[in-house]
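Residue-level listing of the chains:
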Amino acid sequence: MAKKSLIHREKKRQILEQKYHLIRRSSKKEISKVPSLSEKWKIHGKLQSSPRNSAPTRLHRRCFSTGRSRANYRDFGLSGHILREMVHTCLLPGATRSSW
């Protein structure tokens, strides 16, 4: 189980990313449309003035049940360890069992 503080920090990042999503997208479109370099630098400065945690690259996928941030499968939203346990107990239909 992941620390509660790490899970809470990740939720705060998700909220910030949703809050600044439209602002970041519109300023990126403006950068591509403006021909002059000085204008691009001004818009880039505006883009950098937003909080660091509002960038979507700082988000991590976490396991739905344990909160683990590593070895996640996008299709299931689970870490590899929990996914393997669920397959062995036949909780995921259609998944084949493997012993390694």
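Residues numbered from 1 in each chain as written. Predicted model: local features only at pLDDT ≥ 70, side-chain atom pairs only at ≥ 80, totals over all residues. Heavy atoms only, no water.

On inspection of all chains with the given rule, the structure shows 2 salt bridges. For R13, the salt bridge identified is with E10, shortest N-O distance 3.6 Å. One end of the pair is R13 and the other is E10, both in helix α1 (residues 4-33) and 3 residues apart, which spans about a single turn. The pair R13 / E10 is uniform in exposure class, with both members buried. Between E39 and K42 there is a salt bridge whose closest N-O contact spans 4.0 Å. Within this pair, E39 and its partner K42 are both found in helix α2 (residues 37-48), separated by 3 residues, close to a single helical turn. Classification of E39 as partly exposed rests on a relative accessible area of 35%. Here K42 falls in the exposed class, since its relative accessible area comes to 58%. (Salt bridge = Lys/Arg side-chain N within 4 Å of Asp/Glu carboxyl O. Helix = DSSP H or I, 4+ residues; strand = E, 2+ residues; numbered from the N terminus. Buried < 20%, exposed > 50% of the residue type's maximum accessible area, 1.4 Å probe, protein only.)

Here we take up the domain arrangement of the chain. For the chain, the assigned domains read domain 1 (1-59) and domain 2 (61-99). A separation of 31 Å is found between the C-alpha centroids of domain 1 and domain 2. Each partner contributes residues to the interface: domain 1 has 6 residues there, and domain 2 has 6 residues. In total, domain 1 and domain 2 occlude about 370 Å² of area from one another, counting both sides; carbon and sulfur atoms represent 55% of this. Between the two partners, domain 1 and domain 2, sit 0 salt bridges. At the boundary of domain 1 and domain 2, one finds 0 residue pairs in polar contact (both at pLDDT 80 or more). Partitioning the side of domain 1 that touches domain 2 into residue classes produces 5 nonpolar, no polar and 1 charged. (Domains from an automatic or database assignment. Contact = heavy atoms within 4.5 Å. Buried area = accessible area lost by both parts, 1.4 Å probe. Polar contact = N/O pair within 3.5 Å; in protein donor to acceptor, adjacent residues only side chain to side chain. Nonpolar A, V, L, I, M, F, W, Y, C, P; charged D, E, K, R; others polar.)

Once that is clear, we can look at the side chain of R24. With respect to the element layout, R24 can be found in helix α1. Apart from residues lying up to four places away in sequence, R24 is in contact with L47, S50, S54, A55 and P56.

Over its 30 residues, α1 runs 43 Å from end to end, which matches the ideal 44 Å to within 8%, given 1.5 Å per residue. Those residues of α1 not exposed but buried are I7, E10, R13, E17, Y20, R24 and S27. On its buried face, α1 is in contact with α2. (Expected span 1.5 Å × (residues − 1).)

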